[in-house]
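Observations on the three-dimensional arrangement
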2 protein chains.
Amino acid sequence: MSSVVVMGEKAKKVSYSLAKLSTIEKNEALIKASNAILDNKEEIIKANEIDLKEAREKGIKGALLDRLALNEDRINSMAEGLKDIALLDDPIGEVISMKKRANGLVIGQKRVPLGVIGIIYEARPNVTVDGFGLCLKTGNAVILKGGKEAINSNRAIISIIQKAIEECGISKDAVQLIEDTSRESTIELMKLNKYLDVLIPRGGAGLIKSVVENSTVPVIETGAGNCHIYVDNDADIDMAVSIVTNAKTTRPGVCNSAEKLLIHKDIVEKAIKPIYESLKEKNVEVRGDEIVRKLVPEILQATEEDWKEEYLDYIIAVKTVNSIDEAIEHINEYSTKHSEAIITNNYFNSQRFLDEVDSAAVYVNASTRFTDGSEFGFGAEIGISTQKLHARGPMGLKELTSTKYIIYGNGQSRN
Amino acid sequence: MSSVVVMGEKAKKVSYSLAKLSTIEKNEALIKASNAILDNKEEIIKANEIDLKEAREKGIKGALLDRLALNEDRINSMAEGLKDIALLDDPIGEVISMKKRANGLVIGQKRVPLGVIGIIYEARPNVTVDGFGLCLKTGNAVILKGGKEAINSNRAIISIIQKAIEECGISKDAVQLIEDTSRESTIELMKLNKYLDVLIPRGGAGLIKSVVENSTVPVIETGAGNCHIYVDNDADIDMAVSIVTNAKTTRPGVCNSAEKLLIHKDIVEKAIKPIYESLKEKNVEVRGDEIVRKLVPEILQATEEDWKEEYLDYIIAVKTVNSIDEAIEHINEYSTKHSEAIITNNYFNSQRFLDEVDSAAVYVNASTRFTDGSEFGFGAEIGISTQKLHARGPMGLKELTSTKYIIYGNGQSRN
């Protein structure tokens, strides 16, 4: 048996005892692991330095290298994250509904762990800690496959966490790291239907696409964000300027940032200049159609490709639309179905936008940047689902659970 | 473009208008389709006769032929089913939760259609009608791929339904049948991620396995049932006899029938004889381990294979266990995680069984045969999910929906 299969078997076995842990036991383990990370910062930093050195030698730089890098502050914040998870309500065991049928059967639906979760991610050691914390709190076993560039950091972190939870009487099989950094082990994980209940890819579009295409285990697709803001003909222009600027420029590298701007033809003349000025001040490159380019000649020419692209950068593309219908149609055609917003004072248009835009989060008069577990009040987030099955939008602890029916009888047979 | 891709494109397009239909409009179309089926019984029966003739020529017989066959009664009951669906509450548009955040944003979670559903099934024309009705009621477009043996029946049914809904102003693209009966068209459907939101296989284990292994579209796995009944040491033997007999013999061909019986060693001597006698009276073949065979020599030898198999027949296998722990462990190892029951008078054992058995429906002192949408009060059922993602247990209308977040702001930007 391959080591991945052995890990699957161990994870399935331990999942039954994790499901039985009390909230107090889980919280104690989270706090213990948090403190162990703080107590062993140097060891983690040393391991991370090996990863960073090798990454630099391979020519990795910029954002990728930055995401891989750990320092004292970042380790403190990872450890803090585990304590935050300990403070959250435990969703396991909640009975969502219970009712008595005519024949006297009492049928309840109870929240239970998913069982065994696989997480495939890139070279971001913070996901290692996060994934462990969210899965343990929800009574799930987890198998982690992180980016190969972070293997030394991940190995150090997991060994510290495993030791800590073992001291709390929890088997180290609760959180396992696939140390084999080959692509083969990833493929094995994606076919591990016998032991794995769900697979969550966390990372860029390429990683997610590969998991969706190759996994036979059920996948929760976390998503890319080609997010739109539509400025309706009846919009407050100051509000439009402020929301567009916020949604584009506060963190252009994240998935809830605005990438496209649609403006109703009746307001474009008044709206485009102040919006352009505000974006320019933040060094945003603005691309647009002929209409906006006539109004603001500095705007660059947008192409068909622009409507599809998620820039994750200081770039935005602007399109003039003839009606709210055209805006909704354009969004449903080009959006990645993450987050979209309308800026309007019109009641009927606000309702139509909320009803007809087919995205995970649809806003009226607010920035798309709010699509986030913490902003939604979930406390923690495992990702933002852009699929419609199981979970849609920011996923908190509840989204890492399943349910089961529990039925109380007193001898009933079916006719 | 292949015809399946064209169908996907049409289905996605129509799905946006289906999502906007009012409950009244959907119910009118369901009733119209129901009446159209009643008015065109002869046409359906004629088409079905062609299918039956060809099936007989291919040597198809028994249960398979019976499932394919339509007669007046069966057509009446299919039509009745659509009227029943019209009577059910419409889940679409329900706001599940809504709350105000500290910054004034009001965040709600609203039930919406999944979008486009694919159903792959065997030669059972009733699934064609059912699939249409459940999907239309939930505002979903549906693409049906039925077993090739039923193609003439399905074609007749779909053309009647399409005409009926068109008379109600609903595009016939709302329900499309893949008429190309080749395996290639099934594979295309399983890779139609661009247009399909979910794929539901309905049929035997082989069909389901093939869809799970080959689909890149998210799948809801509906399930096989290797269901267990555990007779605890502290059980009422009369109740055990009655429930085991009910669960095994009322419809042995369905997935919620009991296939395995576990008996605690301290009660096996008293329990096995009356259980065996009752099952024998219904012509059930009983297989068992050495202990029960010593007590009832007519019981046949069970092998390791027996613990895994779903007989779907008048066969049951009996195993003696030393403890409730062994019973739970055996079930979690061999069960298909569909439905399991404990017969006990003991409070703690009932709770442990409910907590620790990892199946979609877990019963105390009742027959596993109750795992069914209508018995659970859902009115209709698209299948019974044995996976943990999205839906678990009987799936009603609610399980054919997703949610989206709707956010009401008044100019909020994120810090």
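Residues numbered from 1 in each chain as written. Chains lettered and ligands numbered in written order. Predicted model: local features only at pLDDT ≥ 70, side-chain atom pairs only at ≥ 80, totals over all residues. Heavy atoms only, no water.

**Quick look at the packing of helix α3 (residues 41–57) of chain A against helix α7 (residues 151–167) of chain A**
Each packed pair of helices is defined by two parameters, the angle between the axes and the distance between the axes. Residues and elements named next belong to chain A. Selection criterion: Angular values range over 0 to 180 degrees, each being the angle between N-to-C directions of two axes fitted as lines to C-alpha atoms, with helices fitted over their stretch in contact. Secondary structure is summarised from DSSP: a helix means a run of H or I of at least four residues, a strand means a run of E of at least two, and numbering begins at the N terminus for each. Should an angle lie under 35 degrees it is considered roughly parallel, over 145 roughly antiparallel, and from 65 to 115 roughly perpendicular; all remaining angles are considered oblique. Each crossing is labelled by how the near helix is turned from the far one, with a counterclockwise turn of less than a right angle marking it left-handed and a clockwise turn marking it right-handed. Contacts are assigned to residue pairs that have any heavy atoms within 4.5 Å of one another. Each residue is assigned to one of three groups, with Ala, Val, Leu, Ile, Met, Phe, Trp, Tyr, Cys and Pro labelled nonpolar, Asp, Glu, Lys and Arg labelled charged, and all others, Gly among them, labelled polar.
Packing of α3 against α7 leaves a shortest axis separation of 7 Å and a crossing angle of 160 degrees. In terms of their interaxial angle, α3 and α7 are classed as roughly antiparallel. The two elements α3 and α7 meet at a crossing, and its hand is right-handed. Contacts from Glu43, Ile44, Ala47, Asn48, Ile50, Asp51 and Glu54 of α3 reach α7 at Ile151, Asn152, Ser153, Ala156, Ile157 and Ile160. Here the residues of the contact of α3 with α7 sort into seven nonpolar, three polar and three charged.

**Quick notes on the UniProt feature "domain: Aldehyde dehydrogenase" (unreviewed entry) in chain A**
The following threshold applies: UniProt positions are given in the numbering used here, feature names are shortened, and annotations may be inferred rather than shown by experiment.
Feature annotation in UniProt assigns "domain: Aldehyde dehydrogenase" (unreviewed entry) to the following positions: residues 9–284 and 307–404 of chain A. Helix makes up 52% of residues 9–284 of chain A and strand 16%. Its end C-alpha atoms lie 51 Å apart.

**Side note on a negative patch on the surface**
Formally: Patches in this entry comprise residues that are over 30% relatively accessible and not in a salt bridge; like charges within 9 Å are linked, as are nonpolar side chains (Val, Leu, Ile, Met, Phe, Trp, Tyr) within 5 Å. Residue exposure ignores everything except the shown protein chains as possible cover, and the areas themselves are Shrake-Rupley values with a 1.4 Å probe. Criterion for a salt bridge: a side-chain nitrogen of Lys or Arg within 4 Å of a carboxyl oxygen of Asp or Glu. In this tally Asp and Glu are treated as negative and Lys and Arg as positive; neither His nor the chain ends contributes. Here the site of a charge means atom NZ of a Lys, CZ of an Arg, CG of an Asp or CD of a Glu. Think of it in three bands: with a 1.4 Å probe and only protein chains considered, a residue is buried below 20% of the maximum accessible area for its type, exposed above 50%, and partly exposed in between.
Negative charge collects at one region of the surface, where Glu9(A), Glu304(B), Glu329(B) and Glu333(B) lie side by side. You can see Glu329(B) is positioned in helix α14 (residues 324–334). Owing to a relative accessible area of 61%, Glu329(B) belongs among the exposed residues under this scheme.

**Here's the deal with the environment of Gln176(A)**
Residues and elements named next belong to chain A. Using the following cut-off: Any N or O atom pair separated by 3.5 Å or less is treated as a polar contact, with the protein-specific requirement of one donor-capable and one acceptor-capable atom, and with residues adjacent in sequence counted only for side-chain atom pairs.
Take Gln176: it is sitting in strand β5 (residues 175–177). Under the relative-accessibility criterion, Gln176 is labelled buried at 5%. Along the primary structure Gln176 and Gln162 are separated by 14 residues, whereas in three dimensions their C-alpha atoms are 8.4 Å apart. Beyond its immediate sequence surroundings of up to four residues, Gln176 is in contact with Met7, Lys10, Ala11, Val142, Ile143, Leu144 and Gln162. One polar contact links the side chain of Gln176 to the main-chain carbonyl oxygen of Met7, over a distance of 3.0 Å. Separated by 3.4 Å, the side chain of Gln176 and the backbone oxygen of Asp173 make a polar contact.

**Notes on the relation of the copies chain A and chain B**
Cut-off, in case you're wondering: Least-squares superposition of the copies uses the C-alpha atoms of those residues scoring a pLDDT of at least 70 in each of them.
You can overlay chain A on chain B at an RMSD of 0.0 Å; the transform is a turn of 180 degrees with a shift of 0.0 Å along its axis. Such a combination of rotation and displacement between the chain copies is what one expects of a two-fold axis. No C-alpha of chain A approaches the rotation axis more nearly than that of His390(A), which lies at 1.8 Å. Of the interface residues in chain A, 100% have counterparts in chain B that sit at the interface too, so the contact is made through matching surfaces.

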